[in-house]
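# Coordinate analysis (summary)
The primary structure of each chain is shown beneath.
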Amino acid sequence: MNIKISTKVNQSLLQVWEGFNLELFSALAPPFPPVEVKEFGGCLKGDKVHLQLNFILFKQDWISDIIDQQSSDTEIYFIDKGTKLPFSLSYWQHKHRLVKDESGTIIIDEIAFRTPTIITDYLFYPLMYLQFLYRKPIYQKVFK
């Protein structure tokens with residue numbers, strides 16, 4: 001399953017890139033499940049992000065590695081790939097694209113995910129879509 005959500009913000013490409021830090025990462029976390037950041041290595045190739053999701057009755061680890069990061073005058077991106085995923089996911093890759101625009105930057109979240117079955121892929125799709133749609137006003141507030 002693939003999701004793509006774009007958000008226009010009014011800061012330069014470099015300002016937005018510099019703002020992709022632990023503070024932003026924490027602000028983007030959805031209200032459920034609560035997320036504890038165990039490790040935030042950054043957004044460069046070789047960095048690692050370790051989260052612990054609290055589902056009230058149990059906790060699940062989510063570990064992603066930054067597998068690629070590229071920069072040019074018009075675009076900066078990095079890709080995180082899940083290496084240890086919660087039980088509900090069998091595959092995760094998220095490309096975070098920052099694209100220079102005439103009057104700011106467009107933040108593009110490109111997510112590819114799979115669950116254990118095609119049926120649960122379709123059941124999870126609206127939930128995952130909403131989790132990333134939730135980010136739009138946060139991006140716009142942080143990068144106003």
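Details of the structure are given in the entry above.
Everything quoted here is computed from the prediction, not taken from an experiment.

Now for the overall build of the protein. Within the protein, the secondary structure is distributed over 4 helices and 7 strands. Secondary structure elements of the protein occur, N-terminal to C-terminal, as β-α-α-β-β-β-β-β-β-α-α. Taken against the 2.2 N^0.38 rule, which gives 15 Å for 144 residues, the C-alpha radius of gyration of the protein at 15 Å falls within 12% of a compact globule. Summarising its shape, the C-alpha atoms of the protein cover approximately 45 × 30 × 25 Å along the three principal directions.

Time to look at the nonpolar core. Here is a general trend for soluble globular proteins: nonpolar side chains tend to be buried in one another's company. Counting residues in hydrophobic clusters, the biggest one holds 16 residues, and the most contacted among them are Val16, Phe20, Leu98, Ile107, Tyr139 and Phe143. When contributions to this core are tallied by element, the ones reaching two or more residues are helix 1 (13–19), helix 2 (22–28), strand 5 (75–84) and helix 4 (135–142). Ranked by residues supplied to this core, first place goes to helix 1 with 3 residues. With sequence-adjacent residues up to four places away left out, Val16 is seen in contact with Val9, Gln11, Leu98, Thr105, Ile107 and Phe143.

Strand pairing in a sheet is mediated by backbone hydrogen bonds. Such pairs are either parallel or antiparallel. Spatially, the 7 strands line up as an open sheet ordered 1-7-6-5-4-3-2, and their pairing is antiparallel. The strands lining the two open edges of the sheet, one partner per strand, are strand 1 (2–9) and strand 2 (35–40). Across the sheet, the mean angle separating the axes of adjacent strands is 20 degrees when strand polarity is ignored. Where strand 3 (residues 48–54) and strand 4 (residues 59–71) come together, 7 bridges link them in antiparallel fashion. Within strand 4, the residue paired with Val49 across the bridge is Ser64. With respect to the sheet, helix 4 is in contact with strand 1, strand 6 (91–101) and strand 7 (104–114), its orientation differing from that of strand 1 by roughly 25 degrees.

Parameters and conventions
- Residues numbered from 1 in each chain as written.
- Predicted model: local features only at pLDDT ≥ 70, side-chain atom pairs only at ≥ 80, totals over all residues.
- Heavy atoms only, no water.
- Helix = DSSP H or I, 4+ residues; strand = E, 2+ residues; numbered from the N terminus.
- Rg over C-alpha atoms; globule rule 2.2 N^0.38 Å.
- Core = buried A, V, L, I, M, F, W, Y, C linked by side-chain atoms within 4.5 Å.
- Buried < 20%, exposed > 50% of the residue type's maximum accessible area, 1.4 Å probe, protein only.
- Contact = heavy atoms within 4.5 Å.
- Pairing = 2+ DSSP bridges.
- Axes fitted to C-alpha atoms, helices over the stretch in contact; angles between N-to-C directions.

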